[in-house]
Amino acid sequence: MQSPAQPRARALRDAFGTFGTGVTIVAATGEDGRPVGFTANSFASVSLEPPLLLVCPARGASSLPAIATTRRFAVHVLARAQRPLAERFSRRGADRFEGLVWAADRHGLPRIEGACARFACALEQTIEAGDHLVLIGRILEHESDLEAEPLLFVRGRYS
Ligand SMILES: Cc1cc2nc3c(=O)[nH]c(=O)nc-3n(C[C@H](O)[C@H](O)[C@H](O)COP(=O)(O)O)c2cc1C
């Protein structure tokens, strides 16, 4: 049964969804050394000097404990060819890194090959915001492939 709040949430989600975005995978390494991550389109650039970005994970996101304890995370801006990864990293329950080619960077963060851009970050600030958190990351290093076509997401569809 739907509660009255659900249609409102649906309508708000649909309204937010008219804003076209790129798609990222936010990744971190747990204290046990295992990589974790999730698909996120709440990414935004924040500041050039100092270099800052933000991303908004849900409060209950399974990757949060790893980010909170290590205070490190990496953001991968996905290429169009990486749509299957976007789908995989938004699916609950699955081991998202299983069978995936990845390596740890010099900060110990997972590095997924083939992204348009990648930012390795130190967690600078955590802001509580309703059912999500705003994570401000200070960019430790970044790389980009300016030839790669970015994956886009609008109105619930990839393109
Ligand atoms: C295109 C797309 C963008 C998403 N953006 C976000 C986001 O910005 N923040 C977030 O918390 N979840 C976002 N999600 C949902 C998460 O990827 C997914 O629900 C989450 O990883 C599952 O929760 P878990 O990691 O706790 O299993 C997005 C999903 C998709 C398909």
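Residues numbered from 1 in each chain as written. Predicted model: local features only at pLDDT ≥ 70, side-chain atom pairs only at ≥ 80, totals over all residues.

Novice: Looking at this structure, I do not really get the sheet that holds strand 10 (residues 132–144). What am I missing?
Specialist: Hydrogen bonds between backbone groups are what pair the strands of a sheet, and the pairing can be parallel or antiparallel. Strand order in this open sheet of seven strands is 3-2-6-9-10-5-4, and the pairing throughout is antiparallel. Looking at which strands have only one partner, the edges of the open sheet turn out to be strand 3 (35–40) and strand 4 (44–47). Going from strand to strand, the sheet's axes swing by 35 degrees on average, the running direction of each strand aside. Direction of pairing for strand 5 (residues 52–55) relative to strand 10: antiparallel, over a ladder of four bridges. Within strand 10, the position partnered with Val 55 by the bridge is Leu 135. (Pairing = 2+ DSSP bridges. Helix = DSSP H or I, 4+ residues; strand = E, 2+ residues; numbered from the N terminus. Axes fitted to C-alpha atoms, helices over the stretch in contact; angles between N-to-C directions.)

Novice: Would you mind showing me how to read the pairing of strand 10 here?
Specialist: Side-chain positions along a regular strand alternate between the two faces of the sheet. Where strand 9 (residues 117–129) and strand 10 come together, 12 bridges link them in antiparallel fashion. When the bridges of strand 10 are listed, Ala 120 appears paired with Glu 141. The loop that links strand 9 with its antiparallel partner strand 10 comprises two residues; one of these, Gly 130, has a positive phi angle of about 60 degrees.

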